[in-house]
Amino acid sequence: MNHEQTGAQLLVQSFVDNDVEYVFGYPGGAVLPLYDAFYDAPFKHILTRHEQGAIHAAEGYARSSGKAGVVVLTSGPGATNAVTGITDAYCDSLPLVVITGQVHQQGIGLDAFQEADLISLTAPITKHNYQIRSVEEIPRVINEAFHVASTGRKGPVVIDFPKDIGISKARGPLQTEMNLPGYTLAPNVDIETVHELANLLAQAQRPLLLAGAGINHSQSNDMLTRFAEKYHLPVVTTLLGLGAVPYDNPLFLGMGGMHGSYAANMALSESDCVINFGSRFDDRLIGDVAAFQQNKQIVHIDIDQSELNKVIQADLAIHGDVRSVLTQLLDLPCSVDSSWTEICIERHQQYPFKYRQAETFIRPQHVVELIGRFTDEAVVATDVGQHQMWTAQYYPFKKAQLITSGGLGTMGYGIPAAIGAQLGAPDQMVVAIVGDGGFQMTNQEMAILNEYQLPVKIIMLNNGTLGMVKQWQHKFHGQRYSESVFSAQPDFQMLSNAYGVKSYLITQQQELESRLYEALAYQGPAFIEIRISPDEMVVPMVPSGKPNHEVEGYE
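Starting afresh in each chain, residues are numbered from 1 along the sequence in its written order. In keeping with the model being predicted, local features are shown solely for residues with a pLDDT of at least 70 and side-chain atom pairs are shown and tallied solely at 80 or more, while totals for entire chains, interfaces and linings include all residues. Excluding hydrogens and water, the side-chain figures rest on all heavy atoms present in the structure.

Caption draft 1: Fine view of the side chain of T410. Only runs of H or I of at least four residues qualify as helices and only runs of E of at least two qualify as strands under DSSP, and these elements are numbered from the N terminus. With respect to the element layout, T410 can be found in the loop between β16 (402-403) and α18 (414-424). Under the rule applied, a polar contact is a pair of N or O atoms within 3.5 Å (in protein, one hydrogen donor and one hydrogen acceptor; residues adjacent in sequence only if both atoms are side-chain atoms). Here D88 takes part through its side chain, which lies 2.7 Å from a polar atom of the side chain of T410. Contacts: residue pairs with any heavy atoms within 4.5 Å of one another. Look past the residues within four positions of T410 in its chain and what remains in contact with it is Q52, H56, T84, D88, D383, V384 and S405.

Caption draft 2: Focus on the packing of helix α12 (residues 262-270) against helix α15 (residues 339-350). Structural elements are reduced to axes, namely lines fitted to C-alpha atoms, with helices fitted over the stretch in contact, and the angle between N-to-C directions of any two is expressed from 0 to 180 degrees. The N-to-C vectors of α12 and α15 enclose an angle of 150 degrees; their axes lie 8 Å apart at closest approach. Taken as axis vectors, α12 and α15 run roughly antiparallel relative to one another. Pair α12 / α15 crosses with right-handed handedness. Every residue of α15 that contacts α12 at Y262, A263, M266, A267 and E270 is listed here: W340, C344, R347 and H348. We call two directions roughly parallel when the angle between them is under 35 degrees, roughly antiparallel when it is over 145, roughly perpendicular when it lies between 65 and 115, and oblique otherwise. Note: crossing handedness is left-handed where the near helix turns anticlockwise from the far helix by less than a right angle, and right-handed where it turns clockwise.

Caption draft 3: The arrangement of the pattern of salt bridges in detail. A pairing counts as a salt bridge when a side-chain nitrogen of Lys or Arg comes within 4 Å of a carboxyl oxygen of Asp or Glu. Enumeration over the complete set of coordinates arrives at 16 salt bridges. Ionic contacts of the salt-bridge type, sharing partners, join the residues R153, D304, E307 and K310 into one network.

Caption draft 4: Quick look at the sheet that holds strand β4 (residues 69-73). Across the sheet, six strands lie side by side as β3-β2-β4-β5-β7-β6; this open sheet has parallel pairing. If you trace the sheet from one side to the other, it starts and ends with β3 (44-47) and β6 (128-131), each paired once. Each strand axis lies, on average, 20 degrees off the axis of its neighbour in the sheet, ignoring direction. Whether two strands pair comes down to DSSP finding at least two bridges between them. In terms of strand pairing, strand β5 (residues 96-102) meets strand β7 (residues 156-162) through seven bridges, oriented parallel.

Caption draft 5: A look at the packing of aromatic side chains. Between 30 and 60 degrees the pair is tilted, below 30 it is stacked and above 60 it is edge-to-face, where a pair is any two Phe, Tyr or Trp rings, Trp via its six-membered ring, whose centres lie within 6.5 Å. Under the counting rule described, the total for this entry stands at 18 aromatic pairs. Aromatic side chains Y22 and F24 sit 6.5 Å apart centroid to centroid with 35 degrees between the ring planes, which places their arrangement in the tilted category. Like Y22, the residue F24 is buried in the burial classification. Taken together through their ring pairs, the aromatic side chains of F15, Y35, F38, F43 and F146 make up a single cluster. As a reminder, the over-ring test applies to NZ of lysine and CZ of arginine, requiring each to be within 6 Å of the ring centre and within 35 degrees of the ring normal. K296 extends its terminal NZ or CZ atom over the ring of F292, reaching a point 4.6 Å from the ring centre. Taking the ring centre of Y522 as reference, the NZ or CZ of K502 above it sits at 5.7 Å. Relative accessible area decides the class of each residue, using a 1.4 Å probe on protein chains only: under 20% of the type maximum gives buried, over 50% gives exposed, and in between gives partly exposed.

Caption draft 6: Broad picture of the nonpolar core. Membership of the largest hydrophobic core comes to 71 residues, with the highest contact counts inside it found for L224, F277, L516 and I530. Those residues in contact with L516 that sit more than four places away from it in its chain are V367, L370, I371, F374, I459, I506, I528 and I530. Here the nonpolar core consists of buried residues drawn from Ala, Val, Leu, Ile, Met, Phe, Trp, Tyr and Cys, with membership extended through side-chain atoms lying within 4.5 Å. Core analysis: the second largest hydrophobic core is formed by 42 residues, A57, L73, A432 and I458 among them.

Bear in mind that shape data such as this cannot, by itself, settle questions of function.
Below is the structure:
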């Protein structure tokens, strides 16, 4: 490339060089030069209706496609509106490359119109961030951003892009090679360390495998399943680890933690050797760290060294890729006492997630079970709240199909994430399960469904409340329902129709099965509103800060 190009043209070419398929974004003054270049670009731009929606859509795309999600936003409020989504991606290790517009370089630091210090704002919530200072560095910075976002523990990278850079010109050839002297990937795990892990496993009488998001991110699901089956070992997952082992595998005890299964939480408490593959040991999984650590050996394998010994002191901390460790473990002969596995399996059979069917009103647990029956292996996106937990408990995940906000717990995530997921996996069925609270935060993104004819099915469990807030107020705040019950709601059917999305309303138990089947079979985008009781609770529950065995809600 020896001809002259603007910074905007260089950005487009850099996106093409990094195989960008979609850009999610929202234009504005500071990025008009970029959007002018997008006019003839070979990739598609998805105009979301809010900047937060753009980030969540890119997250959903990253999860379903395995590629980095790309976002372009304008300066000031355009960029600050994205901070929640960037934080969400950082918490859940999702690869994003986010271009934020900035004022002209001569205006930086002078409180120019729509100026915001994005470098300072995003430093704690990104793997890395840049501010472009010269047009010549664009190809190198973009290449570095995609590499950093998509390798190691994945995460968001922000590039602040001053407006004058977009119109400045440079003549090639320009540097495209990366220069990242301080960025190193996890080392290969040596066989001696893997032998040490195998020895700890062989000495255990009550071994347990714990699978976190690292299994799904590394696409090690089949390997973990083979390892568990080879030695007949029980498996517990985190919320973001669901799908690490198929739901119907007898060795899978369910999700552990606050709203996890009885069998999973008892196994976490009683095991004498826990091998953690890619989980952070977060507080929703382990409420009482001291109680959890008693009388057990702990092995923690994580691609991010900073997670090792951060929450739990491990007897063996392994910095490395879980896929690499599993590859070596599968080749090792190991004698394992798995007799207690039968106790775990029997406990799981004896105390499954359960509910009583009702004749006069619809149970949300039954709705999720029916969705699972009618969709089989759909990609399932959720918002955050009670419906998220019912989905985790009752949907039959057979692989990495769940797209949800785990670490940050972001309401409004579900609809835009489902849209991005459908774009990333156009041949798969995508279902968004949301509540009426989170739905009202980002429902404007439904405009995209009709515009692109994306056949996403949005299922809203409408209880007229902020369900999880109300549940905690019921249990811990003397049933004082302060601002958790909606005194007025819009007509959601009319709202859906206004966006050109076919709508369904299901209010009676006797019509649930046939109407839900009809709605899910519809060929285009659909919105299904299902009325449920405002008093429905998510059970079981381990109260915050309590040890896992103090699980409540079983009869």
